[in-house]
Number of protein chains: 2
Amino acid sequence: MATPATILDGAALARSIRADVAAKIKSIQAAHPKFQPQLTIVQAGKRQDSSTYVRMKAKAADEVGITFKHVHLPTEATVEDVIKVVYELNENDDVSGILVQLPLGDHVGPEGEHLVTEAVSPQKDVDGFHPYNVGHLASRAADPLFIPCTAAAVMHILDSTNIPLAGAHAVVLGRSDIVGNPVAYLLKSRDATVTQCHSRSRNVEELVKIADIVVSAVGKPEFVKGSWLKPGAVVIDVGINFVPDSTKKSGQRLAGDVEFSTASAVASKITPVPGGVGPLTVAMLMANTLQSAERLWNKTHKSW
Amino acid sequence: MATPATILDGAALARSIRADVAAKIKSIQAAHPKFQPQLTIVQAGKRQDSSTYVRMKAKAADEVGITFKHVHLPTEATVEDVIKVVYELNENDDVSGILVQLPLGDHVGPEGEHLVTEAVSPQKDVDGFHPYNVGHLASRAADPLFIPCTAAAVMHILDSTNIPLAGAHAVVLGRSDIVGNPVAYLLKSRDATVTQCHSRSRNVEELVKIADIVVSAVGKPEFVKGSWLKPGAVVIDVGINFVPDSTKKSGQRLAGDVEFSTASAVASKITPVPGGVGPLTVAMLMANTLQSAERLWNKTHKSW
């Protein structure tokens, strides 16, 4: 009889990171009272999901002692409007981190969003999405100024399990710039053998079967079944999917990419959804903002 | 009895690319006599291998009608010296492509070489090594201004075979920034499922066994054996290794990463060493330089 998997508690890890960030800020401020990390989010329009994310980030910033600013532009804001704001923030020494909440309005499109992403100074790119930072992440040394928050969250959870990454075979499902790609690059830089699968892959099940570590970020509810897993595999589920559920008042429930009931009987460790990767992502944004504030402070205060 | 593999003739493909580049330059010049691509290589010191590479590139440039300039600095050139030259070339409208021949002197080191690489304008980075271009290559869209030449050569050979990349399982051996990483990212962007192995990987043989496409860039002579391959696999050998051979006047012979004698009996298509990827790399540099010249010309000549 297999032992049920250890459930990896992302919320607890997130609390610990937030506490660390808060303590570090206080300790630096004790010596340097003017040290004050600041995160500015630029949002255009009033998409409900975007506003929810912005609120979550504001709350976390407040909790750890990071000043939070919200530049709220109208839905009609053009690419030029957003870039103008970003340039001002790049030049503003009070700002440690800049995050443009995507998507922007429909009139902006992916091309415009790329322009905006590239307008953010790589030095303040706490999302880690600027091509300069992506290039460093994807290189042999994998040493960017910032690691994208969700990918950093995945790596932090894996590290919390103490499983050796070097030589392990990791199968990453998904190739998004937010999760799949950076996770694959980070695992490779930590000496894992990495197989990356995506919507056009064949034999995904056979490949997952040989993985010591499975990271899924494909956005397909309960796609990965317990029967696909090698016994003892470590499973990180980045999926956030809403599926119809008539037993819920809202008519839907949250499901990951992994069929938890069957997977947790085969895996050795597994993240739940919700309560796994999700809570850690915002905590990682706080860590990135602190890291940026320290780096910028060191640049301007030689007597640090 | 297995049919022996088709041997993929990199030299012939290289001739064809050089001819295409030469014809395109002539055709543009017929309409725009002032159009003149120019490649400048910055070299410091007199390493024999570097000088050989520079000569090969000069010869290819001459053959296709690209102006070739060689900025030859003394071995002692500092990072600042090299960067000063690079900045001048960035600003010089006659220069379409800039390539800093690595390695620089021992006193420069990897950190200094990174600074030099990042000093090259991404717009003239015909090597494709600037983090900005690497970041675009490693992103979902995989659309950099320049693709690193050896990786472009590998993709060109694969395309010449007409084997479908989408859904194929490609195993890439190696994770260098020059070959392994960009090839893995390009194959992924072409919808292959990609497994990347390296010196810390376990079970390399078992992973190679399930690959439809094997690209090896590890620098270990005759590392991949025919018995490792799935029958019918396509094998691209990027290795250039010198091994002792008392029957040769030089006392050594050139060997790839793949044991050709056994692999060619199992693979459906295979590149030889020499005569496979090698000759194509320089041809790709010419194609990158032409592409850059066209892009820069289009920017300054609106009536194009």
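Being a predicted model, the structure only gives us computed values, none of them experimental. Just so you know, the residues in each chain are numbered from 1, in the order the chain's sequence is written. Each chain gets a letter, beginning with A, and each ligand a number, beginning with 1, in the order they are written. Confidence filtering applies because this is a predicted model: local features only for residues at pLDDT of at least 70, side-chain atom pairs given and counted only at 80 or more, and all residues used for totals across whole chains, interfaces and linings. The basis for every side-chain value is the complete set of non-hydrogen atoms in the structure, without hydrogens or water.

1. Quick look at the pairing of strand S7 (residues 213-216) of chain A
Residue and element names in this part refer to chain A. Think of it in three bands: residues with accessible area under 20% of the maximum for their type are buried, residues over 50% are exposed, and the middle band is partly exposed, with areas taken using a 1.4 Å probe on protein chains only. Runs of H or I in DSSP of at least four residues are treated as helices and runs of E of at least two as strands, each being numbered from the N terminus. Neither face of S7 is left uncovered, since the one carrying Ile213 and Val215 and the one carrying Val214 and Ser216 both have all their residues buried. The pairing of strand S5 (residues 169-173) with S7 spans four bridges and is parallel. Paired with Val171 across the bridge in S7 is Val214. In this analysis, strands are considered paired if DSSP registers two or more bridges between them. Both S7 and strand S8 (residues 234-237) contribute to a ladder of four bridges, which runs parallel. Its bridge partner lying in S8, Ile213 is registered against Val234.

2. Digging into the interface of chain B and chain A
Only heavy atoms enter the contact rule, under which two residues are in contact if any of them lie within 4.5 Å. With 34 residues of chain B at the interface, the matching set in chain A holds 34 residues. Each of two parts loses accessible area, computed with a 1.4 Å probe, when they are put together; buried area is these two losses added. Roughly 2,900 Å² of surface becomes buried between chain B and chain A when both sides are summed, with 48% attributable to carbon and sulfur atoms. For the chain B face of the interface with chain A, the top three residues by lost area are B:Arg140, B:Arg175 and B:Lys188, together amounting to 20%. Criterion for a salt bridge: a side-chain nitrogen of Lys or Arg within 4 Å of a carboxyl oxygen of Asp or Glu. In this structure, the connection of chain B to chain A is made through four salt bridges.

3. What to know about unusual backbone geometry
That bond from A:Leu102 to A:Pro103 is cis: its omega, 0°, falls within 30 degrees of zero. Its identity as a non-glycine residue notwithstanding, B:Ala142 has a phi of 45°, on the positive side. The phi torsion at B:Asn203 lies on the positive side, around 55°, for a residue other than glycine. Residue placement: B:Asn203 occurs in the loop between strand S6 (193-197) and helix H8 (204-209).

4. A closer look at the environment of A:Ser189
Among the secondary structure elements, A:Ser189 is positioned in helix H7 (residues 180-189). According to the relative accessible area criterion, A:Ser189 is partly exposed, its value standing at 25%. Taking C-alpha positions, A:Ser189 is 27 Å from A:Gly275, a pair spaced 86 residues apart along the chain. Each residue touching A:Ser189, except ones within four places of it in the same chain, is listed here: A:Ala142 and B:Arg175.

5. Side note on the relation of the copies chain B and chain A
Of the transformation superimposing chain B on chain A, the axial component is 0.0 Å and the angular component is 180°, with the fit at an RMSD of 0.0 Å. On the angle and the small slide along the axis, the relation comes out as a two-fold axis. Comparing interface residues between copies, 100% of those in chain B also lie at the interface in chain A; the contact surface is shared. The copies were overlaid by least squares, fitting only the C-alpha atoms of residues that reach a pLDDT of 70 or more in each copy.

6. Focus: the sheet that holds strand S7 (residues 213-216) of chain B
Consider a sheet: its strands pair through backbone hydrogen bonds, and that pairing is either parallel or antiparallel. Sheet architecture is open: twelve strands sit in the order S1(A)-S11(A)-S8(A)-S7(A)-S5(A)-S6(A)-S6(B)-S5(B)-S7(B)-S8(B)-S11(B)-S1(B), paired in mixed fashion. A strand with exactly one partner marks an edge of an open sheet, and here the two such strands are strand S1 (6-7) of chain A together with strand S1 (6-7) of chain B. Summarising the sheet, strand S6 (residues 193-197) of chain A and S6(B) pair through three bridges and their orientation is antiparallel. If you follow A:Gln196 over to S6(B), its bridge partner there is B:Val194. Between N-to-C directions, angles cover 0 to 180 degrees, with each direction set by a line fitted to C-alpha atoms, over the stretch in contact for helices. Lying on the sheet, helix H6 (residues 149-160) of chain A is in contact with S7 and S8 of chain A; it crosses S8(A) at an angle near 155°. Against the sheet, H7(A) makes contact with S5, S6 and S7 of chain A together with S6 of chain B, and its axis sits at roughly 165° relative to S6(A), the strand it touches most.

7. A word on the UniProt feature "domain: Tetrahydrofolate dehydrogenase/cyclohydrolase catalytic" (unreviewed entry) in chain A
As recorded in UniProt, the sites labelled "domain: Tetrahydrofolate dehydrogenase/cyclohydrolase catalytic" (unreviewed entry) are residues 8-127 of chain A. A helix fraction of 52% and a strand fraction of 15% characterise residues 8-127 of chain A, whose end C-alpha atoms lie 24 Å from each other. UniProt positions are given in the numbering used here, feature names are shortened, and annotations may be inferred rather than shown by experiment.

8. Topic: the UniProt feature "domain: Tetrahydrofolate dehydrogenase/cyclohydrolase NAD(P)-binding" (unreviewed entry) in chain A
Here, UniProt's "domain: Tetrahydrofolate dehydrogenase/cyclohydrolase NAD(P)-binding" (unreviewed entry) annotation points to residues 148-295 of chain A. Secondary structure across residues 148-295 of chain A comprises 34% helix and 19% strand; the distance between its end C-alpha atoms is 17 Å.

9. Observations regarding the pattern of salt bridges
Residue and element names in this part refer to chain A. Scanning the model with the defined rule gives 22 salt bridges over all chains in all. Where Glu294 meets Lys24, a salt bridge forms, and the shortest distance between an N and an O atom there is 3.3 Å. With a gap of 270 residues between them, Glu294 in helix H10 (residues 277-300) and Lys24 in helix H1 (residues 10-31) connect regions that are remote in the sequence. Judged by its relative accessible area of 39%, Lys24 is partly exposed.

10. Observations regarding H1(A)
All names here are of chain A. Every helix has an expected span of 1.5 Å times one less than the residues it contains. Relative to the 32 Å expected for 22 residues at 1.5 Å per residue, H1 spans 32 Å between its end C-alpha atoms, a close match to the ideal helical length. Buried residues belonging to H1 abut helix H2 (48-64), H6 and H10. For this analysis, a polar contact is any N or O atom pair within 3.5 Å, provided that within protein one partner can donate a hydrogen and the other can accept it, and provided that sequence-adjacent residues contribute only side-chain to side-chain pairs. Two or three places before Ala11, at the opening of H1, Asp9 has a side-chain oxygen 3.1 Å from that residue's backbone nitrogen.

11. What to know about the domain arrangement of chain A
Domain limits in this description derive from either an automatic procedure or a database domain assignment. Looking at the assigned domains, one finds that chain A contains domain 1 (34-120) and domain 2 (149-278). For domain 1 of chain A versus domain 2 of chain A, the distance between C-alpha centres works out to 29 Å.

12. So, helix H1 (residues 10-31) of chain B
Three or more residues of H1(B) are buried, namely B:Gly10, B:Leu13, B:Ala14, B:Ile17, B:Arg18, B:Val21, B:Ala22, B:Ile25 and B:Ile28. Among the structural elements, helix H2 (48-64), helix H6 (149-160) and helix H10 (277-300) of chain B are those in contact with the buried residues of H1(B).

13. So, the packing of aromatic side chains
Within a pair of aromatic rings, the relevant descriptors are the distance that separates the centres and the angle that separates the planes. Between the rings of Phe, Tyr and Trp (Trp by its six-membered ring), a pair exists once the centres lie within 6.5 Å; its type follows the angle of the planes, with under 30 degrees stacked, over 60 edge-to-face, and the other angles tilted. All told, the structure shown has five aromatic pairs over all chains when counted by the stated rule. The interplanar angle of 50° and the centroid separation of 4.6 Å between the aromatic rings of A:Tyr185 and B:Tyr185 together place this pair among those described as tilted. Of this pair, A:Tyr185 sits in helix H7 while B:Tyr185 sits in helix H7 (residues 180-189), placing the two residues on different chains. Taking 5.1 Å as the distance between ring centres and 80° as the angle between the ring planes, the aromatic pair formed by B:Phe223 and B:Trp228 counts as edge-to-face. Classification of B:Phe223 by relative accessible area gives partly exposed; the value is 23%.

14. Quick look at the state of the cysteines
Count a disulfide wherever a pair of cysteine sulfur atoms falls within 2.5 Å. Going through the model one piece at a time under the given rule, you end up with zero disulfides over all chains. In this structure A:Cys197 is not part of a disulfide, and its nearest cysteine sulfur, from B:Cys197, lies 13 Å away.

15. Here's the deal with the sheet that holds strand S4 (residues 97-100) of chain A
All names here are of chain A. Taking strand neighbours across the sheet as the criterion, the three strands line up as S3-S2-S4 in an open arrangement whose pairing is parallel. Only two strands of the sheet have a single neighbouring strand rather than two, namely strand S3 (67-73) and S4. Neighbouring strand axes in the sheet, compared pairwise and without regard to direction, differ in orientation by 15° on average. Each of strand S2 (38-44), S3 and S4 is contacted by helix H3 (residues 79-91), which is oriented at about 170° to S4, the strand it contacts most.

16. Digging into the packing of H6(B) against H10(B)
All names here are of chain B. Running from amino to carboxyl end, H6 crosses H10 at an angle of 110°, the nearest separation of the two axes being 8 Å. Classed by the angle they form, the pair H6 and H10 counts as roughly perpendicular. By crossing handedness, the relation of H6 to H10 is classed as right-handed. In this structure, H6 uses Cys149, Thr150, Ala152, Ala153, Val154, His156 and Ile157 to contact H10, whose residues at the interface are Val277, Leu280, Thr281, Met284, Leu285 and Asn288. Of the residues in the contact of H6 with H10, the class split is nine nonpolar, four polar and no charged. By the definition adopted for this analysis, an angle is roughly parallel if under 35 degrees, roughly antiparallel if over 145, roughly perpendicular if from 65 to 115, and oblique otherwise. Crossing handedness is read from the near helix: turned anticlockwise from the far helix by less than a right angle, it gives a left-handed crossing, and turned clockwise, a right-handed one. Under the scheme applied, nonpolar residues are Ala, Val, Leu, Ile, Met, Phe, Trp, Tyr, Cys and Pro; charged residues are Asp, Glu, Lys and Arg; polar residues are all the others, including Gly.

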